[in-house]
Amino acid sequence: MAPRIDHYDWSGGHEALLRFGPDTGPAVILALPLFEEANRTRTFAVDLLRRLAEQGIAGLLPDVPGQGESLVPLEDCTRFCMAEALEALTDRCLDEGRRTYAVGIRSGTLLDYCALHSGRWHLAPQDGEALLRDLHRTWRAAGNDGDPQAMMYGADTVEIAGNVLSSNLLTSFSAAAPFNQAGTPRRVVRLSSDSAPADRHVEAAPLWRRAEPGHDPALAATLAADIADWIAACEV
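Residues numbered from 1 in each chain as written. Predicted model: local features only at pLDDT ≥ 70, side-chain atom pairs only at ≥ 80, totals over all residues. Heavy atoms only, no water.

S.K.: Hey, could you run me through the sheet that holds strand S9 (residues 186-191) in this one?
M.R.: Adjacent strands of a sheet pair through backbone hydrogen bonds, lying either parallel or antiparallel. Read from one edge of the open sheet, 8 strands run S1-S2-S4-S3-S5-S6-S9-S10, paired in mixed fashion. Two strands lie at the open edges of the sheet, namely strand S1 (4-10) and strand S10 (200-202), each paired on one side alone. Averaged over all pairs of adjacent strands, the angle between strand axes in this sheet comes to 25°, irrespective of strand direction. Of the pairings in the sheet, the one linking strand S3 (residues 27-31) to strand S4 (residues 58-62) comprises 3 bridges and is parallel in character. When the sheet's bridge partners are listed, Ile29 is paired in S4 with Leu60. (Pairing = 2+ DSSP bridges. Helix = DSSP H or I, 4+ residues; strand = E, 2+ residues; numbered from the N terminus. Axes fitted to C-alpha atoms, helices over the stretch in contact; angles between N-to-C directions.)

Okay, here's the thing in structure tokens:
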């Protein structure tokens with residue numbers, strides 16, 4: 001099932017959007033991991049949403065400010081402006097009478113905290129401290145020297161793996177954590193190599209650790225079935 005190209009508006013402009021599946025019923029809004037990990041997981045995310053569409057569940061894959069095809073410079077972004085954009089897309093769905101479910105991968109789970117979703121499904125959720133540790137390792141591997149504070153505050157902006165990040169953006173993730181509040185359904189799925197608590201562990205290699213973009217159709221099929229079953233339980 002081929003995606004359809006669309007866009008959505010938020011207070012800072014408009015962003016690109018891929019739509020999958022029906023125009024009615026509940027909709028999944030998927031947030032990719034941030035920065036270079038998004039490139040390694042986008043093909044997987046598209047296949048995941050295509051498989052959900054085959055089961056009658058709509059999927060939305062939005063660019064967020066500073067990522068993908070967004071015209072907003074990344075160095076002008078913070079976690080809040082990214083979350084605000086996703087909230088605007090969620091509000092549009094709610095205005096259309098559609099319930100939404102957030103699906104977040106890795107650091108993408110840090111962006112759904114503003115929106116009024118009916119539930120959240122998180123794959124290998126990553127908190128802000130873990131995200132900054134990964135960025136610091138990449139920064140050091142590029143020949144830089146210093147601790148995370150030097151990376152974050154040594155200059156107004158820092159380039160990491162081709163991403164120009166501001167101190168404000170990095171600071172906005174320093175105390176961030178995936179949304180997890182009583183009263184809102186949340187399901188956490190992790191890979192078997194990750195020993196952190198989860199509702200389910202699945203056997204697969206982490207796509208976000210590969211040197212080049214990759215795909216795992218079997219994992220996409222497994223997770224699409226898991227999401228579909230979870231949404232069906234939430235909709236009862």
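S.K.: I keep staring at the side chain of His136 and nothing clicks. Help me out?
M.R.: Looking at where His136 falls in the secondary structure, it is placed in helix H3 (residues 128-141). For His136, a relative accessible area of 12% puts it in the buried group. Those residues in contact with His136 that lie beyond four places of it in its chain are Gly146, Asp147, Pro148 and Met151. (Buried < 20%, exposed > 50% of the residue type's maximum accessible area, 1.4 Å probe, protein only. Contact = heavy atoms within 4.5 Å.)

S.K.: Sorry, what's going on with empty space enclosed by the protein here?
M.R.: Over the atoms rolls a probe the size of a water molecule, and its path tells where empty space is left. The final tally for this structure, using the stated rule, is 1 cavity of 30 Å³ or more. By volume, the largest cavity is sized at about 40 Å³. Per element, the largest residue contribution to the lining of the largest cavity is 3 residues, and it comes from S3. For the lining of the largest cavity, the class distribution of residues is 6 nonpolar, 2 polar and 1 charged. (1 Å grid on protein atoms, 1.4 Å probe; cavity = no way out; pocket = protein on both sides within 12 Å on 5 of 7 lines; lining within 4 Å. Points joined across faces, edges and corners; volume = space filled by probe spheres on them. Nonpolar A, V, L, I, M, F, W, Y, C, P; charged D, E, K, R; others polar.)

S.K.: What should I look at first to understand the pattern of salt bridges in this one?
M.R.: Pairing between side chains of opposite charge can happen when the charged atoms of each approach one another. Scanning the entire structure with this criterion turns up 15 salt bridges. Of the charged contacts in the structure, one is a salt bridge between Arg51 and Asp47, with a shortest N-O distance of 3.1 Å. Taken as a pair, Arg51 and Asp47 lie in helix H1 (residues 36-54) at a separation of 4 residues, close to a single helical turn. Note that Arg190 is salt-bridged to Asp194, the shortest N-O span being 3.1 Å. The exposure class assigned to Asp194 is partly exposed, which follows from its relative accessible area of 26%. A network of salt bridges, in which partner residues are shared, links Arg4, Asp6, Arg19, Asp23 and Arg92. (Salt bridge = Lys/Arg side-chain N within 4 Å of Asp/Glu carboxyl O.)

S.K.: Can you help me understand H1 in this one?
M.R.: Structurally, the α-helix is built with 3.6 residues per turn, so residues lying three or four positions apart point the same way. For H1, spanning 19 residues, the distance from its first C-alpha to its last is 29 Å, which sits close to the expected 27 Å at 1.5 Å a residue. When we look at burial in H1, the residues that qualify are Glu36, Glu37, Ala38, Thr41, Phe44, Ala45, Val46, Asp47, Leu48, Leu49, Leu52 and Ala53. Just downstream of H1 lies Gly56, where phi reads positive at about 85°. (Expected span 1.5 Å × (residues − 1).)

S.K.: Explanation requested: the environment of Leu191 in the structure shown.
M.R.: Looking at the element boundaries, Leu191 is found in strand S9. Each C-alpha atom of the pair Leu191 and Glu36 lies 20 Å from the other, and the pair is 155 residues apart in sequence. With residues near it in sequence (within four places) discarded, Leu191 still touches His201, Val202, Ala204, Ala205, Pro206 and Trp208.

S.K.: Help me understand the pairing of S3, please; the structure alone is not making it clear to me.
M.R.: It is a general feature of regular strands that their side chains alternate between the two faces of the sheet. Burial runs high along S3: 5 of the 5 residues are buried. Of the two faces of S3, both are covered, the one formed by Ala27, Ile29 and Ala31 as well as the one formed by Val28 and Leu30. Read from S3 through H1 to S4, the crossover connection turns out right-handed. One ladder, built from 5 bridges, connects S3 with strand S5 (residues 100-105); its direction is parallel. (Right-handed = clockwise from strand over helix to strand, strands pointing away.)

S.K.: Whenever I open this one, unusual backbone geometry confuses me. Can you help?
M.R.: Excluding glycine, residues mostly have negative phi values, and the peptide bonds linking residues are mostly trans. Backbone geometry at Phe35 places phi at a positive 60°, although glycine is not the residue there. When you line up the elements, Phe35 lands in the loop between S3 and H1. Notably, Arg106 is not glycine yet its phi reads approximately 55°, a positive angle. Examined against the element boundaries, Arg106 turns out to sit in the loop between S5 and strand S6 (119-123).

S.K.: Got a minute to help me understand the nonpolar core in this structure?
M.R.: Nonpolar side chains tend toward joint burial in soluble globular proteins. Counting 35 residues, the largest nonpolar core has Val28, Leu30, Leu123 and Leu223 as the members making the most contacts within it. Elements with a minimum of two residues in this core: strand S2 (13-20), S3, H1, S5, S6, S9 and helix H6 (217-235). Setting aside its immediate chain neighbours within four residues, Leu30 contacts Ala45, Leu48, Leu49, Leu60, Leu61, Pro62, Val103 and Ile105. Tyr8, Leu60, Leu132 and Leu169 belong to the second-largest nonpolar core, a separate cluster that totals 32 residues. (Core = buried A, V, L, I, M, F, W, Y, C linked by side-chain atoms within 4.5 Å.)

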